[in-house]
Amino acid sequence: MHPNDILDSWHCGQGHWNTVSSGDWNDWRWQMQNRLSKKGQMEEFISISDDESAGLSIAKDKLMVSVTPHFFNLIDPVDLNCPIRKQVIPNKSEGVTESWEDTDPVGEESSMVTPGLVHRYPDRVLFLVTDRCGSYCRYCTRSRLVSNAQGYGFHPNFENCLEYIRSNTSIRDVLLSGGDPLLLSDQKISYLLSELASISHVEFVRIGSRLPIFLPQRITPSLLKSLRSHPNLWMSIHVNHPKECTKELKDACHQLASNGIPLGNQSVLLKGVNDDAKTMKSLIHRLLIMKVKPYYLYQCDLVPGSSHLRTSVTKGIEIIRELRGSTTGYAIPQFVIDAPGGGGKIPINPNYVEKSDNGLWILKNFEGKTFEYPSD
């Protein structure tokens, strides 16, 4: 909230890399080539705890560690509870798997009709186009696949996926995800979007990407030109904490919006990162400043080794309840659980209905006051 969320307080600049030329720093390929993945690289800039050191040693068999310089700049060098650090630097707790956790926590494999294409809902498909990301989130739903640390061997055949979409006229919505689709070359992105644009029953296409947050330098004029290959493209980005809202990200989002791409945000509720109403309110206000609609707040999926990052469902409901009435309704995301085993997204809301009785709905507002409304 004002004044904490005014642009003057947002991170900007090269930070630890202030001696690097601006040409290199603003080149997204340089950012990818200079990602930090080893303990020694990180310790040049921040302190690494014993728990994190243990986490780094087990990550090679679970999920690759890799952080872009842009995002690494947001880590507090000494605070072990830094909300940015918790998301991308592994902890020894990743080695603990609870009995209810699953490598495919939302049941995508059972709905995969051809490698890379998930058809769960009647009118839409999930098109996984790569297993690589700009940085790797420690709670990643697809850690079984992403980075290939677990030997998944992800090899999607784009032509087979496109042919399936062409032959199923019920499909009106295609979500490109991965990994991160924006790591594909401009030419491949343009090809996929052009092919999908040629399918008459596909009404719109969405891209799910965390790359603008990890790598805002990726939003180049050439990429924007490629994104215009589909006439009805939407994009969902993934911001979890206000610190991730840098001036560079704001500029990137404004460029996307100026090119006609509606933007939504999907956050994951994470312990010690964003599991309080004050942090969430700051995040959603910054999102609106960036022209991004807060869309979903996800309960953290049951990914093996993620229990230290999961909050209770009750905590998520409490946050939504606190937000309602204390900020614009346009800013409040929908809290959902992506049901284990393939049940899909289930909305979870505070209960504002006291009862329905004698032809009346008895309702409670955000202040706890009750009101009556006729049921007929």
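Coordinates for the structure precede this section.
In this report, the structure presented in the accompanying data block is examined. Please read all numbers here as calculations on a predicted model, not as lab measurements.

### Examining the state of the cysteines
No. 1: Inspection of every chain in the model, using the stated rule, returns 0 disulfides.
No. 2: Cys245 takes part in no disulfide bond, and the closest cysteine sulfur, belonging to Cys253, lies 8.2 Å away.
No. 3: With a relative accessible area of 1%, Cys245 lands in the buried category.
No. 4: There is no disulfide at Cys300, and the cysteine sulfur nearest it, in Cys140, is 10 Å away.

### Quick notes on empty space enclosed by the protein
Over the atoms rolls a probe the size of a water molecule, and its path tells where empty space is left.
No. 1: Inspection of every chain in the model, using the stated rule, returns 1 cavity of 30 Å³ or more.
No. 2: Taken as a whole, the largest cavity encloses approximately 40 Å³ of empty space.
No. 3: Val129, Leu176, Pro181, Leu184, Ile189, Leu192, Leu193 and Ile207 together form the lining of the largest cavity.
No. 4: By residue class, the composition of the lining of the largest cavity is 8 nonpolar, no polar and no charged.

### Quick look at the pairing of strand E13 (residues 370-374)
No. 1: With 0 of 5 residues buried, E13 is to be regarded as a mostly surface element.
No. 2: Here 5 bridges tie strand E12 (residues 360-364) to E13, and the two strands are oriented antiparallel to one another. In the strand pairing of E13, Leu363 is matched with Phe371.
No. 3: Between the end of E12 and the start of E13, which pair antiparallel, lie 5 residues, with Gly368 showing a positive phi angle near 85°.

### A look at the layout of surface pockets
No. 1: Of the volumes computed, that of the largest pocket is approximately 1,100 Å³.
No. 2: Residue lining of the largest pocket: 46 residues in total, with Arg142, Leu175, Ser177, Gln266 and Tyr298 positioned closest to the centre.
No. 3: Only strand E3 (124-128), strand E4 (173-177), strand E5 (204-208), strand E6 (233-237), strand E7 (263-269) and strand E8 (293-299) provide two or more residues apiece to the lining of the largest pocket.
No. 4: Per-element accounting of the lining of the largest pocket gives the leading share, 4 residues, to E8.
No. 5: Each residue belonging to the lining of the largest pocket can be placed in one class, and the counts come to 20 nonpolar, 13 polar and 13 charged.

Reading the values: rules and limits
Residues numbered from 1 in each chain as written. Predicted model: local features only at pLDDT ≥ 70, side-chain atom pairs only at ≥ 80, totals over all residues. Heavy atoms only, no water. Disulfide = S-S within 2.5 Å. Buried < 20%, exposed > 50% of the residue type's maximum accessible area, 1.4 Å probe, protein only. 1 Å grid on protein atoms, 1.4 Å probe; cavity = no way out; pocket = protein on both sides within 12 Å on 5 of 7 lines; lining within 4 Å. Points joined across faces, edges and corners; volume = space filled by probe spheres on them. Nonpolar A, V, L, I, M, F, W, Y, C, P; charged D, E, K, R; others polar. Helix = DSSP H or I, 4+ residues; strand = E, 2+ residues; numbered from the N terminus. Pairing = 2+ DSSP bridges.

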